[in-house]
Amino acid sequence: MLIFLDTANIEHIRHAARLGVISGVTTNPSLVAREEGVDFKAAIQEICSIVPGPGTVSAEVLSLEAEGMIEEARQLSSWAPNIAVKIPVSEAGLEAISVLSREKVKTNFTLCFSVNQALLGAIVGATYVSPFVGRLDDIGHQGMEVVADAVQIFRHYNLSTQVIAASLRHPLHVIAAAKAGAHVATVPYNVLMQMIRHPLTDIGISRFAEDWKKVSNK
Ligand code: E4P
């Protein structure tokens, strides 16, 4: 399973890339809006130059009509070779991805909340589908079941679409995504940091350092 970072924060992306653990980034309009004064195109291009791959950088369209989505997607995908255009689940979104997949534009079918939506995205040739696990959990559904079912169905029919477990809120979500066979887990920066840290590791490191001091003081 690949790890993508779910943010538009350049410093966080730089840090995670230095750690060598991420191979892609997902952004959305809310995440971009959180970063003050950024120029969307410049920010996406900078992110594309930072992330090492083999994953992609997702940037979302704002149009709600198929024609507008297609036009925006063509623009966005011309900004860098590793862009995946995020297109929300809708009839227009399906129509747009049908066209874009024939043009080899990479797409991420986003705001996916059901297995049927994921299946339709795969049928029209989306590069990725993104079930939003946390938002489903929030309303009392088992969000990870959508991930697991989509993975199973895509495997069964040899569909090349990859499943991104999205809207992950804590480290247990990441483990569950890996167990469910997700191709990618896109994680917020704080979750990535939580995945690294463990209090027993911290205690162990300081104990080793203290013990070593005693030896070197002898
Ligand atoms: C994924 O591509 C989305 O950007 C993201 O995971 C949404 O997460 P949220 O539900 O925490 O906003």
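In case you missed it, the structure is sitting above this.
Parameters and conventions
- Residues numbered from 1 in each chain as written.
- Predicted model: local features only at pLDDT ≥ 70, side-chain atom pairs only at ≥ 80, totals over all residues.
- Heavy atoms only, no water.
- Buried < 20%, exposed > 50% of the residue type's maximum accessible area, 1.4 Å probe, protein only.
- Helix = DSSP H or I, 4+ residues; strand = E, 2+ residues; numbered from the N terminus.
- Pairing = 2+ DSSP bridges.
- Right-handed = clockwise from strand over helix to strand, strands pointing away.
- Phe/Tyr/Trp six-rings, centres within 6.5 Å; stacked < 30°, edge-to-face > 60°.
- Near = heavy atom within 4 Å.
- Polar contact = N/O pair within 3.5 Å; in protein donor to acceptor, adjacent residues only side chain to side chain.
- Areas by Shrake-Rupley, 256 points an atom, 1.4 Å probe, with all protein chains shown as cover.
- Nonpolar A, V, L, I, M, F, W, Y, C, P; charged D, E, K, R; others polar.
- Contact = heavy atoms within 4.5 Å.
- Axes fitted to C-alpha atoms, helices over the stretch in contact; angles between N-to-C directions.
- Salt bridge = Lys/Arg side-chain N within 4 Å of Asp/Glu carboxyl O.

### A short note on the pairing of strand β8 (residues 184-187)
Argument step 1. Alternating residues of β8 divide into V184 and T186 and A185 and V187, and every residue in both groups is buried.
Argument step 2. Bridge count between strand β7 (residues 162-165) and β8: two bridges; the pairing is parallel. Within β8, the residue paired with A165 across the bridge is A185.
Argument step 3. Regarding topology, helix α9 (residues 171-179) serves as the crossover connection from β7 to the parallel β8, and that connection is right-handed.

### Some details on the packing of aromatic side chains
Argument step 1. With the rule as written, the count across this model stands at three aromatic pairs.
Argument step 2. For the pair F4 and Y128, a centre-to-centre distance of 6.1 Å together with 80° between the ring planes defines the contact as edge-to-face. With F4 in strand β1 (residues 2-6) and Y128 in strand β6 (residues 128-131), this residue pair connects regions lying 124 residues apart in the sequence. The pair formed by F4 and Y128 is uniform in burial state, with each residue classed as buried.
Argument step 3. Ring geometry for F40 versus W79: centroids 5.6 Å apart, planes at 75°, classification edge-to-face. Residue F40 is located in helix α3 (residues 40-50), and its partner W79 is located in the loop between α4 (66-77) and β4 (83-88); the two are separated by 39 residues in the primary sequence.

### Considerations on the site of the ligand
Argument step 1. Within the structure, the ligand sits among D6, T26, N28, L31, K86, F132, R135, A166, S167 and R169.
Argument step 2. In this structure, N28 approaches the ligand through a side-chain N or O atom, which is 2.7 Å from an oxygen atom.
Argument step 3. K86 is positioned with one of its side-chain polar atoms (N or O) 2.5 Å from an oxygen atom of the ligand.
Argument step 4. For the ligand, the protein covers 86% of the area, taking 340 Å² as the surface of the free molecule.
Argument step 5. Per-class residue counts for the shell around the ligand are three nonpolar, three polar and four charged.

### What about the side chain of T161?
Argument step 1. Secondary-structure assignment places T161 in the loop between α8 (143-156) and β7.
Argument step 2. Polar contacts involving the side chain of T161 include one to the main-chain carbonyl oxygen of A126, which spans 2.7 Å.
Argument step 3. Once residues within four sequence positions are removed from consideration, T161 is found in contact with A122, A126, T127, Y128, V129, F154 and H183.

### Here we look at the sheet that holds strand β3 (residues 57-60)
Argument step 1. On the basis of which strands lie adjacent, the closed barrel formed by eight strands has the order β1-β2-β3-β4-β5-β6-β7-β8 and parallel pairing. Recorded for the sheet is a direction-independent mean angle of 30° between the axes of neighbouring strands.
Argument step 2. Relative to β6, strand β5 (residues 107-112) runs parallel, the two being bridged by three bridges. From the neighbouring strand, C112 faces β6, where its bridge partner is P131.
Argument step 3. Sheet strands touched by helix α6 (residues 115-123): β5 and β6. Its angle to β5, the strand with the most contacts, is close to 165°.

### Some points on the pattern of salt bridges
Argument step 1. Applying the stated criterion across every chain, the model contains five salt bridges.
Argument step 2. The salt bridge involving K214 is made with D211; its shortest N-O contact spans 3.1 Å. Linking K214 with D211, this pair stays in helix α11 (residues 199-217), spanning three residues, or about one helical turn.
Argument step 3. For K214, a relative accessible area of 53% corresponds to the exposed category.

### Digging into the environment of F109
Argument step 1. Assignment of secondary structure puts F109 in strand β5.
Argument step 2. Remark: the alpha-carbon pair of F109 and G68, spanning 41 residues in sequence, is separated by 16 Å.

### Points about the environment of V25
Argument step 1. One can find V25 in strand β2 (residues 24-26).
Argument step 2. Take V25: its relative accessible area is 0%, and that puts it in the buried class.
Argument step 3. Between the C-alpha atoms of V25 and T7, which are 18 residues apart in sequence, the distance is 6.9 Å.
Argument step 4. Excluding residues within four positions of it along the chain, V25 makes contact with F4, L5, T7, I13, I47, V51, T56, V57 and S58.

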